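Next come the chains, spelled out residue by residue.
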Amino acid sequence: MIAVQQLVKRFGEKAALDGISLQVETGSVFGLVGSNGAGKSTLLRTLAGVYRPDGGQIRVDGVSPYENSEVKGRIFFVPDYPYFLPKASLEEMALLYRRTYRRWNQERYGELCRIFALDAKGRLHNFSKGMQRQAALVLALSCQPDLLLLDEIFDGLDPVVRQLLKKLLAQEVSDRAMTVVIASHNLRELEDVCDHVGFLHRGGVLMEQELDSLRLGIHKIQAVFRNLPERSQLSGLDIVRWEVRGSLVNMVVRGDEEAVLQALQPWEPVFAESLPLTLEEVFISEMEAAGYDIDNILS
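Conventions used here
- Think of each chain on its own: its residues are numbered from 1, step by step along the sequence as written.
- Totals for whole chains, interfaces and linings use every residue, but because this is a predicted model, local features are given only for residues with pLDDT of at least 70 and side-chain atom pairs only at 80 or more, for both listing and counting.
- Excluding hydrogens and water, the side-chain figures rest on all heavy atoms present in the structure.
- Here, a salt bridge means any side-chain nitrogen of Lys or Arg that lies within 4 Å of a carboxyl oxygen of Asp or Glu.
- Here a helix means four or more residues in a row that DSSP labels H or I, a strand means two or more in a row labelled E, and each is numbered from the N terminus.
- As used here, the term nonpolar core means buried Ala, Val, Leu, Ile, Met, Phe, Trp, Tyr and Cys residues forming a set that is joined through side-chain atoms within 4.5 Å.
- Here's how the labels work: a residue is buried when its accessible area is under 20% of the maximum for its type, exposed when over 50%, partly exposed in between, all with a 1.4 Å probe on protein chains only.
- Two residues form a contact once any of their heavy atoms are found within 4.5 Å.
- A helix is expected to reach a length of 1.5 Å times the quantity of its residues less one.
- What the arc covers is the set of directions going from the helix axis to the C-beta atoms.
- Nitrogen and oxygen atoms within 3.5 Å of one another constitute a polar contact, given that in protein one can donate a hydrogen and the other can accept it, and given that sequence-neighbouring residues count only through two side-chain atoms.
- The quantity called pLDDT is the predictor's confidence in a given residue, expressed from 0 to 100.
- Strands are labelled as partners when DSSP assigns at least two bridges between them.
- A fitted line through C-alpha atoms represents every axis, and for helices the fit uses only the stretch in contact; the resulting angles, taken between N-to-C directions, go from 0 to 180 degrees.
- Stacked, tilted and edge-to-face are the three classes applied to pairs of Phe, Tyr and Trp rings, where Trp contributes its six-membered ring and a pair requires centres within 6.5 Å; stacked means planes under 30 degrees apart, edge-to-face means over 60, and tilted covers the rest.
- For a ring to carry a charge above it, either NZ of a lysine or CZ of an arginine must fall within 6 Å of the ring centroid while also lying within 35 degrees of the normal to the ring plane.

*Asks:* Which parts of the structure should I look at to understand the pattern of salt bridges?
*Replies:* For side chains of opposite charge, pairing can occur when their charged atoms come near one another. Counted under the stated rule, the structure contains 15 salt bridges. Where Asp61 meets Arg74, a salt bridge forms, and the shortest distance between an N and an O atom there is 2.4 Å. A residue pair is termed long-range when its members are at least 10 positions apart, and Asp61 in the loop between β4 (55–60) and α2 (69–72) and Arg74 in the loop between α2 and β5 (75–78) qualify at 13 residues. The salt bridge partner of Asp80 is Arg133, with a shortest N-O separation of 2.8 Å. Of this pair, Asp80 sits in the loop between β5 and α3 (90–100) while Arg133 sits in helix α5 (residues 129–142), and the two are 53 residues apart along the sequence. Because the salt bridges share partners, they merge into one network encompassing Asp61, Arg74, Arg103 and Asp146.

This is the structure in structure tokens:
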């Protein structure tokens, strides 16, 4: 389990992380979401033991990762720009990690090279950005870490490889109870793979919640009325978002789906239906309901 309590990390006068607290359970896939400069990469590097906290603490299964080789041996961090030794091949990097990580699985390495169809003897600096990310993933999964940290990992991957990665992560989590933390500024990338999400902004955590509970009890309703009611006339509903286009109303409402649709019937809608909300829509609605200027946060 990862426990972060009042974590602070400064660079000069700037606090990249300003009192962050969150918890990630073992065997879960946790998504870190936020705008550029929100502190996602800094948090991952601190979790990996690269940065020393300036305040608060991080514990991985009760132990700090900073300058702790035993803990670091159970963690693999894939940064936004994966690092490889100059002019090294994937095969040479595999040899290095095989000597570094005690759990290195050579059979798994060969299998992953075949799955991703990578030239293990080719020089990594000649690989495309997407292929370099795939090479980093092959190395990461072959090390069989307990904690895998991924920074913008989907960037540069084509749709087929993205789906392959999601499948591989789900398999590792299911088979080995591996814990995964993925940082991204794009909610749509995380929707299929994460079970928990935390929203970071300006070095703080605005929201942290399980995806199923986040979606439960909030609905997107689309309705057409001959006589359009005012929003104030639907005061019995907990309306989070209200948008009118002619006789069409799009609203996001908290509550029981059937009860919400039933509450619209006195206004005799031509039709009214509940539509599935994307994770992005859920977050935006929740953030606006909490009083945040979402346009400013996401800019």
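*Asks:* I'm lost on the nonpolar core in this one. Help?
*Replies:* In this structure, Phe76, Leu139, Leu148, Leu150, Leu169, Val180 and Ile182 are the most contacted members of the largest nonpolar core, which totals 57 residues. Ranked by residues supplied to this core, first place goes to α5 with seven residues. Apart from the residues within four sequence positions on either side, Leu139 is in contact with Phe76, Phe84, Leu90, Met93, Ala94, Tyr97 and Trp104. Judged by nonpolar contacts, the second largest core, of 24 residues, contains Ile20, Leu47, Ile75 and Val181.

*Asks:* Any chance you could explain helix α6 (residues 159–176) here in plain terms?
*Replies:* The periodicity of an α-helix, 3.6 residues per turn, causes residues three or four places apart in sequence to face the same way. With 18 residues, α6 should reach 26 Å at 1.5 Å per residue; the first-to-last C-alpha distance of 26 Å fits that figure. Within α6, the full set of buried residues consists of Val161, Leu165, Lys166, Leu168, Leu169, Glu172 and Val173. Down the axis of α6, the smallest arc covering the buried residues is 165 degrees, so these residues share one side. Exposed positions of α6 whose direction lies more than 90 degrees from the buried face are Pro159, Val160, Lys167, Ser174 and Asp175. Where α6 is buried, its residues contact β3 (29–34), α4 (106–116), α5, β6 (147–151), β7 (179–184) and α7 (187–190). At the N-terminal end of α6, a side-chain oxygen is found 3.0 Å from the backbone nitrogen of Val160, two or three residues along, and the residue is Asp158. One or two steps after α6, the chain reaches Ala177, where phi turns positive at roughly 60 degrees.

*Asks:* Just checking my understanding: could you explain the confidence of the model for the chain for this structure?
*Replies:* One rule of thumb: low pLDDT means the predicted coordinates there are not for detailed reading. This prediction gives the chain a mean pLDDT of 89; 95% of its residues lie at or above 70. Here helix α11 (residues 294–298) stands out as the least confident element of the chain, with mean pLDDT 58; β6 is the most confident, with 97.

*Asks:* Looking at this model, I keep getting lost on the sheet that holds strand β10 (residues 218–225). Mind explaining?
*Replies:* Paired through backbone hydrogen bonds, the strands of a sheet run either parallel or antiparallel to each other. One open sheet accounts for four strands, arranged β11-β12-β10-β13; its pairing is antiparallel. Since the sheet does not close on itself, it has two edges, and those belong to β11 (238–245) and β13 (269–275), each with one partner. Here the average twist between neighbouring strands, direction ignored, is 20 degrees.

*Asks:* Explain the packing of aromatic side chains to me, please; I cannot follow it from the model alone.
*Replies:* For any pair of aromatic rings, geometry is given as the distance between the ring centres together with the angle between the planes. Tallied over the full model, the rule gives five aromatic pairs. Seen from their ring centres, Phe76 and Tyr101 are 5.6 Å apart, and the 35 degrees between their planes marks the pair as tilted. Taken together, the positions of Phe76 in strand β5 and Tyr101 in the loop between α3 and α4 put the pair 25 residues apart, joining distant regions of the chain. Note on accessibility: Phe76 and Tyr101 belong to one class, buried. Where Tyr97 meets Tyr101, the ring centres are 5.9 Å apart and the plane angle is 50 degrees; that geometry is what we call tilted. Connected via pairs of aromatic rings, a cluster forms that spans Phe76, Tyr97 and Tyr101. One cation-aromatic arrangement involves Lys166 over Phe154; the distance from NZ or CZ to the ring centre is 5.6 Å.

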